[in-house]
Amino acid sequence: YSNFIDNLRVYVRGGTGGMGYPNLGGEGGRGGDVWFVAREKTTLKTIREKYPHKRFIAGTGDNSSVKALKGEKGKDREVHVPVGISVLDDDGKQIGELNAAGEKFLAARGGLGGSLATNFLPCKGQRRTVHLDLKLIADVGLVGFPNAGKSSLLSKISHAKPEIANYAFTTIQPELGKIMYADYKQISVADLPGLIEGAHANKGMGHKFLKHVERTKQLLLVVDISGFQLSTKTQFRTAFETILLLTKELELYKEELVTKPALLAINKMDLPCAKDNLDELMTQLENPQDFLHLLEKEMIPANTLEFREVIPISTYTGEGIEELKTCLRKSIDEQAEQVNEEYRKKKLLLLQTSK
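Every value quoted in this text rests on a predicted model; they were computed, and no experiment measured them.

Chemist: Give me the packing of aromatic side chains: which residues, what numbers.
Modeler: Taken as a whole and assessed by the stated rule, the structure comprises 4 aromatic pairs. Here the aromatic rings of Tyr 51 and Phe 56 are separated by 5.1 Å at their centres, their planes lie at 70°, and the arrangement is edge-to-face. Given the relative accessible area of 28%, Tyr 51 is considered partly exposed. Geometry around Trp 35 places Lys 104 over its ring, the cationic atom sitting 4.7 Å from the centre. The side chain of Arg 329 reaches across the aromatic face of Tyr 181, ending 5.2 Å from its centre.

If you want it as structure tokens, here you go:
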């Protein structure tokens with residue numbers, strides 16, 4: 001992933017409580033807590049550079065005294081983390097997530113201060129090692145095999161400037177761009193490292209790619225109309241076979257990914273024979289069951305993706321780019337309206353049952 005970091009292991013420890021005061025029954029202050037707070041424009045790389053030891057310890061509670069029988073609580077420690085963080089324990093179990101700026105997660109609780117119940121001795125704070133796992137949050141995630149033209153497409157539809165070259169795996173780290181519309185509406189698009197066959201089993205960039213797809217609202221599959229071949233040692237795949245293989249990789253990693261709303265961009269329509277290849281592909285997409293025999297049995301997905309729109313484009317000539325932007329806007333707006341409608345129905349049902 002080059003300089004991009006999407007996983008960081010850190011140590012957190014809550015503050016120790018303050019000493020109690022046995023003679024007067026005084027209670028020590030509780031130790032401070034360690035909090036993870038989601039902030040925009042924060043990266044895991046920034047955290048690693050700013051805190052190379054990756055240790056975050058909260059303040060100790062004040063001791064009880066004659067002047068203050070109840071000791072003050074220790075100072076909390078706030079750690080700013082990127083939006084889109086999952087917090088995992090050392091066993092890989094998710095214990096929290098932060099999906100919006102301002103959200104907080106209690107990473108380590110401070111220890112109790114000394115009191116009668118503890119023989120006036122303070123308790124140590126909670127301590128543990130946790131993993132901060134970043135999954136990009138975007139409206140649309142670009143999905144495709146290497147060299148399908150995802151980086152070129154992102155540069156055409158947004159202000160992002162990803163690295164573009166004529167060889168596989170140009171994208172070695174996620175790129176985020178925003179499509180700007182005339183009415184100031186913005187749609188975020190994530191270009192993710194190219195998949196290869198076997199990505200679900202962590203081949204190539206495997207899980208590093210697929211985990212970022214999880215938090216995108218919709219998928220935009222980008223497919224080369226002339227087909228795809230990773231190298232001379234691997235099998236050539238037609239555009240139709242490529243779509244099925246991409247679906248299979250998503251499905252094997254996590255079945256829910258295939259249920260996301262999806263659009264299909266057929267790229268490189270400026271190439272010779274592209275029109276004929278497109279006619280053949282559209283026929284295959286209309287009745288995919290009739291053409292599943294083209295692939296080996298183990299490579300056929302259990303469910304084929306249903307695309308809201310199929311848009312032929314050329315990132316070289318600009319053909320279809322505006323239509324694609326319009327289709328993305330329409331699809332995102334429809335999804336938002338559907339979510340709002342479901343929310344309204346849920347609220348109405350709660351009001352009716354409460355009455």
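Chemist: Explain unusual backbone geometry residue by residue, including any values.
Modeler: In this model, Asn 119 sits at a positive phi of 60°, which is unusual for a non-glycine residue. For Asn 119, the location among the structural elements is in the loop between strand S7 (104–108) and strand S8 (127–134). Residue Asn 119 is classed as exposed on the basis of its relative accessible area, which comes to 58%. Look at Tyr 184: it is not a glycine, yet its phi comes out positive at around 75°. Here Tyr 184 shows up in the loop between strand S10 (175–180) and strand S11 (186–191).

Chemist: Tell me what's going on with the pattern of salt bridges, and back it up with residues and numbers.
Modeler: Under the counting rule described, the total for this entry stands at 22 salt bridges. Among the salt bridges present, the one from Lys 248 reaches Glu 251, with a minimum N-O distance of 4.0 Å. On the criterion of helical spacing, the pair formed by Lys 248 and Glu 251 is a turn pair, its members being 3 residues apart in helix H4 (residues 239–253). Classification of Glu 251 by relative accessible area gives buried; the value is 11%. Bridged by salt links that share partners, the residues Arg 30, Asp 33, Lys 73 and Asp 76 form one connected network.

Chemist: Outline the nonpolar core, supporting the account with residue identities and numerical values.
Modeler: Ranked by internal contacts, the top residues of the largest apolar core, which has 57 residues, are Phe 36 and Leu 221. In terms of residue count, H4 provides more of this core than any other element does, 7 residues in total. When we break this core down by domain, the ones giving at least three residues each are domain 1 (7–134) and domain 2 (138–339). When residues no more than four places from it in sequence are discounted, the contact partners of Leu 221 are Val 143, Ile 243, Leu 246, Leu 263, Leu 264, Ala 265, Leu 305 and Phe 307. Core analysis: the next-biggest nonpolar cluster, separate from the first, contains 21 residues, Leu 153, Leu 154, Ile 311 and Ile 313 among them.

Chemist: Talk me through the domain arrangement of the protein; I want residue IDs and the actual numbers.
Modeler: Assigned domains of the protein: these are domain 1 (7–134) and domain 2 (138–339). In this structure, domain 1 and domain 2 have C-alpha centres spaced 43 Å apart.

Chemist: Which residues make up the pairing of S8, and what values do they have?
Modeler: Summarising the sheet, strand S1 (residues 7–13) and S8 pair through 7 bridges and their orientation is antiparallel. For Arg 9, the partnering residue across the bridge sits in S8 and is His 131. With 4 bridges joining them, strand S5 (residues 85–88) and S8 adopt antiparallel strand pairing. Bridged to Leu 88 within S8 is His 131.

Reading guide: rules and limits
Residues numbered from 1 in each chain as written. Predicted model: local features only at pLDDT ≥ 70, side-chain atom pairs only at ≥ 80, totals over all residues. Heavy atoms only, no water. Phe/Tyr/Trp six-rings, centres within 6.5 Å; stacked < 30°, edge-to-face > 60°. Buried < 20%, exposed > 50% of the residue type's maximum accessible area, 1.4 Å probe, protein only. Lys NZ or Arg CZ within 6 Å of the ring centre and 35° of its normal. Helix = DSSP H or I, 4+ residues; strand = E, 2+ residues; numbered from the N terminus. Salt bridge = Lys/Arg side-chain N within 4 Å of Asp/Glu carboxyl O. Core = buried A, V, L, I, M, F, W, Y, C linked by side-chain atoms within 4.5 Å. Domains from an automatic or database assignment. Contact = heavy atoms within 4.5 Å. Pairing = 2+ DSSP bridges.

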